[in-house]
Amino acid sequence: FKVVLDKATLDSILCGEGSTHNAQKVLQEISRVLMPDGVYIAISHGQPSYRLTYLQKPEFGWNVKIFTVQKPMMGMTASLSTDDKDNVHFIYVCEKGEAAATGNQ
């Protein structure tokens, strides 16, 4: 696949029994099915201090970039700061291939 899109699947797996082992198995399979220049995109509630432990393993060889988007707030008109880690979703873009191997962005 050129792209694997994950909307909280990794989050769900990490909430279950055997979470570390199961997350590792899922990420290995994602890496296996990605094309050599493929991209894994994970939309997550998990902060980088927790998710990068799984995503930056050398065996995957992924160049990981992190983006944030503000969580939608129903019924709230005041804008919340996107710096507040509790008010954002994290988007992890994990690139395989030459850029990942050399660290170029």
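Everything here concerns the structure above.
Computed from a predicted model, the values in this text were never measured in an experiment. (Residues numbered from 1 in each chain as written. Predicted model: local features only at pLDDT ≥ 70, side-chain atom pairs only at ≥ 80, totals over all residues. Heavy atoms only, no water.)

Among the eight residues that make up strand 4 (residues 88–95), seven are buried, leaving the element largely enclosed by the rest of the structure. As paired elements, strand 3 (residues 63–70) and strand 4 share eight bridges and run antiparallel to each other. Note that in strand 4 the partner of Val69 across the bridge is His89. (Buried < 20%, exposed > 50% of the residue type's maximum accessible area, 1.4 Å probe, protein only. Helix = DSSP H or I, 4+ residues; strand = E, 2+ residues; numbered from the N terminus. Pairing = 2+ DSSP bridges.)

Leu27, Tyr40, Leu55, Trp62 and Tyr92 are the most contacted members of the largest nonpolar core, which totals 19 residues. Listing elements by their share of this core, those giving two or more residues are helix 2 (19–33), strand 2 (39–44), helix 3 (48–55) and strand 4. Looking at which element gives the most residues to this core, the answer is strand 4, with four residues. Discounting residues that sit within four places of it in the chain, Tyr40 has contacts with Val4, Asp6, Leu10, Leu27, Ile30, Leu34, Leu55, Trp62, Tyr92, Val93 and Cys94. (Core = buried A, V, L, I, M, F, W, Y, C linked by side-chain atoms within 4.5 Å. Contact = heavy atoms within 4.5 Å.)

Taken as a whole and judged by the stated rule, the model has four salt bridges. Across the pair Arg32 and Glu29 runs a salt bridge whose closest N-O atoms are separated by 2.6 Å. One end of the pair, Arg32, and the other, Glu29, are both in helix 2, three residues apart, so they sit about a helical turn from each other. A relative accessible area of 59% means that Arg32 is categorised as exposed. Between Lys65 and Glu95 there is a salt bridge, with the nearest N and O atoms lying 3.6 Å from each other. Residue Lys65 is found in strand 3, and its partner Glu95 is found in strand 4; the two are separated by 30 residues along the sequence. (Salt bridge = Lys/Arg side-chain N within 4 Å of Asp/Glu carboxyl O.)

Geometric descriptors of this kind do not, in isolation, establish any biological role.
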